[in-house]
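Fold and geometry: a report
Residues per chain, in single letters:
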Amino acid sequence: MAKRDYYEVLGVERGASEADLKKAYRRLAMKHHPDRNPGDKAAEESFKEANEAYEVLSDASKRAAYDQYGHAGVDPQMGGGGPGFGGANFSDIFGDVFSDFFGGGRGGSRGGAQRGSDLRYTLELDLEEAVRGTTVSIRVPTLVNCKVCEGSGAKKGSAPITCPTCAGIGQVRMQQGFFSVQQTCPRCHGQGKVISDPCDACHGEGRVEEFKTLSVKVPPGVDTGDRIRLSGEGEAGAQGGPTGDLYVVINVREHSIFQRDGKNLYCEVPISFTDAALGGELEVPTLDGRVKLKIPDGTQTGKQFRLRGKGVAPVRGGAPGDLLCRVAVETPVNLDRRQRELLEEFRASLEGNTTNSPKASGWFEGMKRFFGDL
Ligand SMILES: [Zn+2]
Ligand SMILES: [Zn+2]
C-alpha cells in the first residue's frame, strides 16, 4: 500500500505553519484516538498515520528532508531521517501520551509551572550568639529569572520551539527488549519545548544564579539542627511557578569552655588539691560573666556543682537550664624545696591513717580481698 502524502494526511497546505500543523494533528488525534474508537481498526490506522505525519512535519529538519525527498527522506527503514526514537514505533509513543489527554492515563508531569526548589543554608554561630539570639546578614546563591530573556531561555527575538523528539508532549515511549517504557522526553526534559537559539546570559536555562543578601533574625536559645524558614526566599520557580523557601540551618560552633546539652551547659573547672582538701571559693565562668562558687572541704575530683538557671533559655520557651561545673583536682607540679618539705611532712602524717583517704582505703581493702591477703 502506497504511503499517503503527510500533508494530505493532516489535511494542510504544503506551506502550513507549525501552529496549523499542530491544530490539524490535534483534531485528527482526538477524532481517531483508540480510546474513543475501541476495536475500530480503521480509526487506529488513521491515528497512526496522523502521528507519523506530525512527527515528521513538526521537526524542521525532517520536514525539509521530506519536502525534498518524500517518504524516502524520512522513512527509518530507508535509512533516512534524523535522530528519532530508536526502535520505538510511533503509535506506541503517541498512543500512551494521548491516554493522558483523555484523562485515562497516569498523571504525567507535562512541563508547565513548577515550584522553585527549597534552599538550605548552614549558619555557623558561636554559642553566645545562639544563646542570646542575633541578627545576621547572609549571602545566598539562588536562581532568579534571567533578566535578558525574561525567563524564557531563548535569545532576544527568538522563541522556544516545540520539542521535535516528543512533538511537544514531554513524554516518549522507548522500547527495551519486549517492554516499552514511557519516560520523560530526554531532549526537552518534559517541557515540550526546546530552545533552538539559547540566551547568552543564562545559556538557555531561563534562570541565572545570583547572590542575594538576606537578614536573618535568630531567636535566643537556638541549637544545632534548628531551622529557620524564610518563606519565598528559595529558588525562582520554572515558568512562573512559585518561589521555594530558604531554610537556614543552625550549626553552633564548639566553645572553648562550655559544652551544651539541650538547655544545660557543662564546664570543667580545675582546682588545687589544697582547695579541694580545705574548701574554698572558686571563680567559675558563666555566659553572663564570672560567679563565685563555694567549694566544701573534702571535695573529690569529678564532683559536679550545679548553678541553677545559668544554662540556656530554650528557644521554644520554658525555664532556663543549669550550668554544671565539674571540678578536676590538680596535682601540683614544679615544687620548690620548701613546698616539697611540707608535702613530705604531710605524707608522713598520712602513714597508717585510713580516715584521710576514703576512696583509697576502700580500694586497698578490695585489692587485698582479691589477692586473698585478708
Ligand atoms: Zn536568559
Ligand atoms: Zn521533548
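1. Points about the overall build of the protein chain
- Assigned secondary structure in the protein chain consists of nine helices and 15 strands.
- When contacts within the protein chain are restricted to residue pairs at least 6 apart in sequence, long-range pairs at least 24 apart make up 63% of them.
- Here the protein chain has roughly 22,400 Å² of accessible surface; of this, 50% comes from carbon and sulfur atoms.

2. Considering the nonpolar core
- Membership of the largest hydrophobic core comes to 37 residues, with the highest contact counts inside it found for I138 and V218.
- Counting only domains with at least three residues in this core, you end up with domain 2 (110-157 + 200-253) and domain 4 (259-333).
- Not counting residues up to four positions away in its chain, the partners in contact with V218 are L123, L125, G133, T134, V136, I228 and I250.
- Judged by nonpolar contacts, the second largest core, of 21 residues, contains V9, A16, A65 and V74.

3. Quick word on the coordination of the zinc ion (ligand 2)
- Every protein donor of the zinc ion (ligand 2) is listed here as C163 (SG), C166 (SG), C185 (SG) and C188 (SG), and their distances to the metal cover 2.2 Å.
- If you look at the zinc ion (ligand 2), its four donor atoms make angles of 105 to 114° with each other, and the shape they trace is tetrahedral.
- Considered as a linear motif, the donors of the zinc ion (ligand 2) on their single chain read C-x2-C-x18-C-x2-C. Accessibility assignment for this pair places C163 and C166 in one class, buried.

4. Here's the deal with the packing of helix α2 (residues 18-32) against helix α3 (residues 41-57)
- At a closest axis distance of 9 Å, the pairing of α2 and α3 adopts a crossing angle of 160°. In this view, α2 runs roughly antiparallel relative to α3, as classed from their interaxial angle. Judged by the sense of rotation from one axis to the other, the crossing of α2 with α3 is left-handed. Two secondary-structure elements touch here, α2 through L21, K22, Y25, L28, A29 and H32 and α3 through A43, S46, F47, A50, N51, Y54 and L57.

5. A look at the environment of G170
- Structurally, the position occupied by G170 is in the loop between β3 (161-162) and β4 (171-176).
- Residues G170 and T184 lie 14 residues apart in sequence; the distance between their C-alpha atoms is 6.0 Å.
- Excluding residues that lie within four positions of it along the chain, G170 makes contacts with Q183, T184, C185, C188, G190 and G192.

6. Details of the pattern of salt bridges
- Taken as a whole, this structure holds 25 salt bridges when the rule is applied.
- Between E283 and K292 there is a salt bridge, with the nearest N and O atoms lying 3.5 Å from each other.
- On the accessibility criterion, E283 (43% relative accessible area) is partly exposed.
- A residue is classified by how much of its surface remains accessible, and K292, at 54% relative accessible area, is exposed.
- Where R308 meets D322, a salt bridge forms, and the shortest distance between an N and an O atom there is 3.6 Å. Of this pair, R308 sits in the loop between β14 (304-307) and β15 (323-330) while D322 sits in the loop between β14 and β15, and the two are 14 residues apart along the sequence.
- Classification of R308 as exposed rests on a relative accessible area of 65%.
- Connected via shared salt-bridge partners are R115, D118, R229 and D245.

Thresholds applied
- Residues numbered from 1 in each chain as written.
- Chains lettered and ligands numbered in written order.
- Predicted model: local features only at pLDDT ≥ 70, side-chain atom pairs only at ≥ 80, totals over all residues.
- Heavy atoms only, no water.
- Helix = DSSP H or I, 4+ residues; strand = E, 2+ residues; numbered from the N terminus.
- Contact = heavy atoms within 4.5 Å.
- Areas by Shrake-Rupley, 256 points an atom, 1.4 Å probe, with all protein chains shown as cover.
- Core = buried A, V, L, I, M, F, W, Y, C linked by side-chain atoms within 4.5 Å.
- Buried < 20%, exposed > 50% of the residue type's maximum accessible area, 1.4 Å probe, protein only.
- Domains from an automatic or database assignment.
- Donors = N, O, S within 2.8 Å, 3.2 Å for Na, K, Ca; no water.
- Tetrahedral: all angles 85-135°; square planar, octahedral: opposite > 155°, others 65-115°.
- Axes fitted to C-alpha atoms, helices over the stretch in contact; angles between N-to-C directions.
- Parallel < 35°, antiparallel > 145°, perpendicular 65-115°, else oblique.
- Left-handed = near helix turned anticlockwise from the far one by under 90°.
- Salt bridge = Lys/Arg side-chain N within 4 Å of Asp/Glu carboxyl O.

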